[in-house]
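Descriptive analysis of the structure
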Amino acid sequence: MTEPAKRTARRRRLPPVETGLRGRCPACGEGALFAGFLKFHDECEACGADFRDEDAGDGPAFFAMFAVCILIVPMALGFGMATNAPMWLTLLIWGPVLIAACLYLLRLLRGVMFNIAWQRSAREVRNKDVQQ
Ligand SMILES: [Zn+2]
């Protein structure tokens, strides 16, 4: 069995969206995935699964910004137009909402996309992977 096949074979198949949204380990579903607000642990505290080779990449940031731009920016603009509020007041009210929504979604999406990537052994190809 090749090394990538071994890596895939020993990985359990828990629902990555569920474990990701809960911020849990993709292998056991019990250990915490995050060491900080957005930083991943190096390995699972419960089962020892190695998290060092996988990363969520830029996808979570793209989807978080996309969702915020589609949902919250129109509400902020609508607030400004409906109340005829000055721009500084609109920014003062909606700026923190935008930032909080981005960070909240970023954490959720990082967890989900990390779990999907981990279960599928999707990672960057490194020099050692192509050298025999
Ligand atoms: Zn685990």
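Basis of the calculations
- Residues numbered from 1 in each chain as written.
- Predicted model: local features only at pLDDT ≥ 70, side-chain atom pairs only at ≥ 80, totals over all residues.
- Heavy atoms only, no water.
- Donors = N, O, S within 2.8 Å, 3.2 Å for Na, K, Ca; no water.
- Tetrahedral: all angles 85-135°; square planar, octahedral: opposite > 155°, others 65-115°.
- Buried < 20%, exposed > 50% of the residue type's maximum accessible area, 1.4 Å probe, protein only.
- Helix = DSSP H or I, 4+ residues; strand = E, 2+ residues; numbered from the N terminus.
- Expected span 1.5 Å × (residues − 1).
- Bend = angle between axes of the 7 residues up to and from the residue.
- Contact = heavy atoms within 4.5 Å.
- Phe/Tyr/Trp six-rings, centres within 6.5 Å; stacked < 30°, edge-to-face > 60°.
- pLDDT = per-residue confidence, 0-100.
- Patch = residues over 30% accessible without salt bridge, like charges linked within 9 Å, V, L, I, M, F, W, Y side chains within 5 Å.
- Areas by Shrake-Rupley, 256 points an atom, 1.4 Å probe, with all protein chains shown as cover.
- Salt bridge = Lys/Arg side-chain N within 4 Å of Asp/Glu carboxyl O.

1. What to know about the coordination of the zinc ion
Bound to the zinc ion on the protein side are C25 (SG), C28 (SG), C44 (SG) and C47 (SG), at distances that span 2.2 to 2.3 Å. In this structure, the zinc ion is coordinated by four donor atoms arranged in tetrahedral fashion, with angles at the metal of 105 to 112°. Considered as a linear motif, the donors of the zinc ion on their single chain read C-x2-C-x15-C-x2-C. Grouping residues by exposure puts C25 and C28 together as buried.

2. As for helix α3 (residues 59-83)
Between the first and last C-alpha of α3 there are 35 Å, a value that for 25 residues agrees with the 36 Å anticipated at 1.5 Å per step. Along its length, α3 shows its largest kink, about 40°, at C69. Every buried residue belonging to α3 is among G59, P60, A64, V68, I72, A76 and G80, and all of these are buried. As for α3, its buried residues are in contact with α4 (87-119). In the segment just after α3, N84 is the residue with positive phi, at about 55°.

3. Notes on the packing of aromatic side chains
Under the defined criterion, the tally for this structure stands at six aromatic pairs. With a centroid separation of 5.4 Å and an interplanar angle of 85°, the aromatic rings of F51 and F114 are classed as edge-to-face. Taken together, the positions of F51 in the loop between α2 (16-22) and α3 and F114 in helix α4 put the pair 63 residues apart, joining distant regions of the chain. By the burial criterion, F51 is buried, and F114 matches it. Ring centres 6.2 Å apart and planes at 55° place the aromatic pair F79 and W94 in the tilted group. Separated by 15 residues along the polypeptide, F79 in helix α3 and W94 in helix α4 bring together distant segments of the chain. What makes F79 partly exposed here is its relative accessible area of 23%. Members of the aromatic cluster, connected to one another through ring pairs, are F34, F40, F51 and F114.

4. Some points on unusual backbone geometry
The backbone of N84 sits at a positive phi, close to 55°, despite the residue not being glycine. Along the chain, N84 falls in the loop between α3 and α4.

5. Some words on the side chain of T90
Tracing the chain through its elements places T90 in helix α4. The exposure class of T90 is buried, given its relative accessible area of 9%.

6. Some remarks on the confidence of the model for the protein chain
Averaged over all residues, the pLDDT of the protein chain equals 86, while 90% of them reach at least 70. The lowest-confidence element of the protein chain is helix α1 (residues 3-9), averaging 45 in pLDDT; the highest-confidence one is α4, averaging 94. Scored below 50 in pLDDT, residues 1-9 shows eight contacts in the model against residues more than four places distant or in partner chains.

7. Comments concerning a nonpolar patch on the surface
A cluster of nonpolar residues, F62, F63, F66, I70 and L71, forms a patch on the protein surface that exposes about 540 Å² of accessible area. Its place among the elements puts I70 in helix α3.

8. Digging into α4
Across its 33 residues, α4 extends 46 Å between first and last C-alpha, which sits within 8% of the 48 Å expected from 1.5 Å per residue. If you look at α4, its biggest bend is around 35°, right at W94, and the proline P96 turns up within four residues after that. Those residues of α4 lying buried are T90, W94, A101, L106, R110, G111, V112, F114, N115, A117, W118 and Q119. Turning to α4, the residues buried within the fold contact α2 and α3. Positive phi shows up at S121, right after α4, with a value of about 50°.

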